Amino acid sequence: MIGIIPILFLIYFSIIIFKEKSKRVKLIGDYVEQIDQSANIGELISSLGTERRFSYQYIIKKDDYDKVLNQRLKTDSIISVLQNSHELALANFTQYTFLDKLAETRSQIDTSKKYTSKEVIQYYTDAIFRLNTINSSSPPSNIFLEPFYQDLIAQNILSEMITFLGIIRTNIYNALYTREYMEETLFGTLGLYKVYNTYETEFLLKASPASVKLYNNEKKSEALKSTISYIDHLFTTLKFDSSYNADQWLQVSTEGMYILKKQKLALWKSVDSKIKNIYYKENKSKNKTLLLLLITILFVIGLVAYLVAHIKNLLRELKLAARKISKGDTGLKLNDMPGGVIGSLAKSILQIDKNNLLLEEAANQIGKGNFNVTVKPRGEQDLLGISINKMKQNLREFTAQKDEIQKETEALVYKRDEFFSIASHELKTPVTSLKAYTQLLLMEASASGDNNHKKMLEKMDIQINKLTSLITDLLDTSKLQNGQLVYNVRSFEFNELASEIIEEIQLTSPEHNLILKANANIKINADRERIGQVISNLLINAIKYASNSKNIIVEITQQNDKLICSVQDFGNGILSEEQDRIFDRFYRISGKNLNTYPGLGLGLFISKEIIEKHQGKIWLQSEYGKGSIFYFELPKK
Ligand code: ADP
C-alpha cells in the first residue's frame, strides 16, 4: 500500500512536467502561426495595393480588365487563407478592416456606376491602413523568440516601410497619371512620408548590424536610390518636376520597392525557418519527455513492486523465526538478511536464539547435575539469566542436601534390613520349637479327649502359623535383598498346586467361598514352593481385603506359550494412584489398612520378585470399592 504513494507522486509530477512542456510547445506553435499569418497579411496588403493600382488604371483607361480580375483572385485566395487561420487575433478580421465592402466596391468598379477613381483609391488605402495596424503589433520579446527577435522586429518594420512606401508611390503615380491636384496630393501624402522616415530610423536602430549593413548597401543600389531620392526631392520641394512620367515612375518605384521586399522576404524566411526549427525541436523534446516519464514510471513501479515483495519475504522469514522462538524452538537460520532496520531486527532475533540456546544448554547441564556451567546474565533486566543462575544455586544446595539425606536413608535402610535379617533369624528357631511343642500338646489333648485344651491349642497353632509366615516373609525379603534366595526349579502340574493351596486356605477361612476355574492341566517348569507362595499370598490378601464379600475366584488360562493365573475378589479395591506402589517393599496403603489389617507390606513385593525371577510378570486391575483382580503370567516350558 505504502509503495503506491511514491508512484502516485511520480505520476502527478510527470503530468505537471508534461503539461508544462506541452504549454511551451503550444506557445512556440502559436508564434509560428502568428508569424505565418503576419506574412500572409503582408501578402494581402501587397495584393490589395496592386489591385488598387489595376482597378484605378481600369477606371481611368477602361483597359487591362484581365489584370484586375487576376489580382482579385490572388487577393481572395490570401483572404481565404487568413479566414481559415486559427490565429485568434484574426477572427472575423474582414468585418473591421473594410474588407466586408470589398465585393461591393469591386462591383461598383465593374459597373462604373457610383465610384469615382478617387473613392476607389480611398477605399483600398483605408483597407491597407487598417490591415497594416493588425500586423504592426510586434510579438513580445521572450526566451523562445530571443535568438531571432531582432530579425523579427526588423522584418516587421520593413513591412511597415513597404506599406507606407507603396501608398506614397501610388499617390505619386496617381498625380503623375492624372496630373490633377498634384501639389495637393503631395501635401496630403506628406504625413505618410514622415511616418515612413520614422520607420526607417526605427529600422536602423533596432535591426541587427548585418541587416543594417545590408539595408545601407541596398539603399545605394540604383533602383532603390532612384526611388527614395525622387520621393525625398518631391517632399522637400512639394513640387513635381519632369524627371518621370507616370509609367516611368511606376517602373522605377516597383524596382525600388522590390529591393525592400527582397530584404524583408529574406529576413522573414530566416525568422520562419528558425522558429520552425525551435518548434520542431521542442515538439521532439516533448515526445521524448513523455517517453522518458513513461519509462521512469514503469521502472519505479517495477522497482517498488520488487522492493515491496522483497521486504515482504524478509518480514515473513522474520515472522516465522519469531514464531519458532515463541514456541520454544532454537537453532534458527536467517540467510541473506540486508542491512538497515530489517538487518538489525534479524540480528536481534538471532541473538535471542543464541541466548536461548546457551540458556537451554546451561539448563540441560544443570539438570544433569553439572553445576560448574556458567550462566552470565546479559544485564540487570535479564530475568531469565538471573533466574537460571538462582535455580543453579538452589539445585546445588538441594542436591547437596539430598545426597546427605540419601546417604542417611541408605544407612538407615541398611540398619533396618540388618535388624530384620538378624531378628527374623533369631525368631525362627524359638518359633519353630514353639510350633513343635504346640503340635505335641495338641496330639496329647486329642488323645485325652480334653476338648477345651484342644481348642485353645488349635488357636495357638493358628497364631504361631501367622507368626511363622511373618518371619518367613522377613527372612525371604532379606534373602532376596542379598541374592540368597535359591530356586528349586522342576516340572509340575500348575492346577494341582493351585487346588492344593485353595483347599488349605479354604479350611482356615470357611466364611469365604474359594472357586477354581481351570480348563486343562498345565505343566510348567518352576519352583513349585515359591509359585505356591505367590498363589497363597494373593489368596490371603483377597480374603484379608474382602472381608465383606464371599466369593473369591481363581482362574487359570493359557495363552499361546504362557500361563495366566488370576485371583479375583469383590472387596475393597485399590485407588488407581496406589496401584503402582503396592508392589514396593514395606508399602502398605495408609489409613484404615495400617491398623485394621495386619501385615508388613512384603507379600506383593516377594510375589513380584518370585514371578519376575521366573521370566513372568505380575499386574492388577482394580476399582476402588468394587474389588480387584491380580494376574500373574509364567512361561509354559
Ligand atoms: P500386606 O498385605 O501385608 O499389607 P501386601 O504386600 O500383601 O502387604 O499388600 C500390600 C498392600 O496392598 C496391602 O497393604 C493392601 O493395602 C493392598 N492389597 C493387597 N491385596 C489387596 C486386595 N486383594 N484388595 C485390596 N487391597 C489389597
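Before any of the text, the structure's been laid out above.
This report concerns the structure included in the present document.

The rules behind the values
Residues numbered from 1 in each chain as written. Predicted model: local features only at pLDDT ≥ 70, side-chain atom pairs only at ≥ 80, totals over all residues. Heavy atoms only, no water. Helix = DSSP H or I, 4+ residues; strand = E, 2+ residues; numbered from the N terminus. Rg over C-alpha atoms; globule rule 2.2 N^0.38 Å. Buried < 20%, exposed > 50% of the residue type's maximum accessible area, 1.4 Å probe, protein only. Contact = heavy atoms within 4.5 Å. Areas by Shrake-Rupley, 256 points an atom, 1.4 Å probe, with all protein chains shown as cover. Lys, Arg positive; Asp, Glu negative; His and termini not counted. Charge placed at Lys NZ, Arg CZ, Asp CG, Glu CD. Expected span 1.5 Å × (residues − 1). Arc of directions from axis to C-beta. Salt bridge = Lys/Arg side-chain N within 4 Å of Asp/Glu carboxyl O. Axes fitted to C-alpha atoms, helices over the stretch in contact; angles between N-to-C directions. Parallel < 35°, antiparallel > 145°, perpendicular 65-115°, else oblique. Left-handed = near helix turned anticlockwise from the far one by under 90°. Nonpolar A, V, L, I, M, F, W, Y, C, P; charged D, E, K, R; others polar. Patch = residues over 30% accessible without salt bridge, like charges linked within 9 Å, V, L, I, M, F, W, Y side chains within 5 Å. Core = buried A, V, L, I, M, F, W, Y, C linked by side-chain atoms within 4.5 Å. Pairing = 2+ DSSP bridges.

To continue, consider the overall build of the chain. Scanning the chain from terminus to terminus reveals 17 helices and seven strands. For 637 residues, the compact-globule estimate of 2.2 N^0.38 gives 26 Å, and the chain exceeds it by more than 25% at 69 Å. Oriented by its inertia axes, the alpha-carbon framework of the chain measures out at about 210 × 55 × 40 Å. In the chain, which comprises 637 residues, the proportion classed as buried is 41%. Of the contacts made within the chain by residues no fewer than 6 positions apart, 72% connect residues no fewer than 24 positions apart. Carbon and sulfur atoms make up 57% of the accessible area of the chain, which totals about 37400 Å². A distance of 4 Å separates the average location of the 81 positive side-chain charges in the chain from that of its 73 negative side-chain charges.

What follows concerns helix α7 (residues 209-220). Between its first and last C-alpha, α7 extends 17 Å over twelve residues, near the 16 Å set by a 1.5 Å rise per residue. Every buried residue belonging to α7 is among S211, V212, Y215 and E218, and all of these are buried. Along α7, the residues classed as buried sweep out an arc of 125° about the axis, all on the same side. In this structure, α7 carries P209, A210, K213 and K220 as exposed residues pointing more than 90 degrees from its buried face. On its buried face, α7 is in contact with α5 (149-178), α6 (182-206), α8 (222-237) and α9 (246-326).

So, about the pattern of salt bridges. Following the criterion strictly, the structure yields 20 salt bridges and no others. Notably, a salt bridge pairs R24 with E282, separated by 2.8 Å at the nearest N-O pair. Residue R24 is located in helix α1 (residues 4-61), and its partner E282 is located in helix α9; the two are separated by 258 residues in the primary sequence. Overall, R24 belongs to the partly exposed group, its relative accessible area being 34%. D476 serves as the salt-bridge partner of R530, at 2.9 Å between the closest nitrogen and oxygen. Of this pair, R530 sits in helix α14 (residues 528-544) while D476 is found in helix α12 (residues 451-482), placing the two residues 54 residues apart along the sequence. As far as burial versus exposure is concerned, R530 and D476 are alike and both buried. A single salt-bridge network, built from bridges that share partners, covers K21, R24 and E282.

Our focus in this paragraph is the packing of α6 against α8. Packed helix pairs are characterised by how far apart their axes lie and by the angle those axes make with each other. In contact at an axis separation of 10 Å, α6 and α8 are set at 125° when each is read in the N-to-C sense. In terms of orientation, α6 and α8 fall into the oblique class. Crossing hand, α6 versus α8: left-handed. Residues L186, T189, L190, Y193 and Y196 of α6 lie in contact with α8, whose contacting residues are I228, I231, D232, L234 and F235. Residue classes in the contact of α6 with α8 are distributed as eight nonpolar, one polar and one charged.

The subject of this paragraph is a nonpolar patch on the surface. Where nonpolar side chains cluster on the molecular surface, the patch consists of F299, L303, Y306, L307, I311, L315 and L345 and spans about 670 Å² of accessible area. Mapped onto the elements of the fold, I311 is located in helix α9.

As a further point, take the nonpolar core. Core analysis: the biggest nonpolar cluster contains 80 residues, and L99 and I172 have the highest contact counts within it. No other element matches the 16 residues that α5 contributes to this core. In contact with L99, not counting residues within four places along its chain, are L44, L48, I79, F93, T94, Y123, A127 and L131. Residues A526, L620, F630 and L634 belong to the second largest nonpolar core, which totals 43 residues.

Attention shifts here to unusual backbone geometry. A positive phi angle, near 55°, is found at D64, a position not held by glycine. Along the polypeptide, D64 turns up in the loop between α1 and α2 (65-83). Here the phi dihedral of Q615 falls at roughly 60°; this positive angle occurs in a residue that is not glycine. Structurally, the position occupied by Q615 is in the loop between α17 (603-613) and β6 (617-623).

In this section: a positive patch on the surface. Together, K312, R316, K319, R323 and K327 line one region of the surface with positive charge. You can see K319 is positioned in helix α9. Judged by relative accessible area, which is 48%, K319 ranks as partly exposed.

Turning next to the sheet that holds strand β2 (residues 513-518). Pairing is mixed across the open sheet formed by five strands, whose spatial order is β2-β4-β5-β7-β6. Lying at the two open borders of the sheet, with one neighbouring strand each, are β2 and β6. Across the sheet, the axes of successive neighbouring strands diverge by a mean angle of 15°, strand direction being ignored. Contacting β2, β4 (551-559), β5 (562-569) and β7 (627-635), helix α13 (residues 494-508) crosses the sheet at an angle of about 175° to β2. Along the sheet, α14 makes contact with β2, β4, β5 and β7, crossing β7 at roughly 175°.

Let us look at the environment of Q484. Within the element layout of this structure, Q484 appears in the loop between α12 and β1 (489-493). Classification of Q484 as partly exposed rests on a relative accessible area of 47%. Along the primary structure Q484 and K262 are separated by 222 residues, whereas in three dimensions their C-alpha atoms are 146 Å apart.

What you see with β6 is a clean split: I618, L620 and S622 sit on the buried side and K617, W619, Q621 and E623 on the side with no burial. Two elements, β6 and β7, share seven bridges in a ladder whose sense is antiparallel. Residue pairing across strands places E623 opposite G627, the latter belonging to β7. Counting the residues in the hairpin turn of β6 and β7 gives three residues, including G625, whose phi is positive at 85°.

Note that all results are geometric; they support no functional claim without further evidence.
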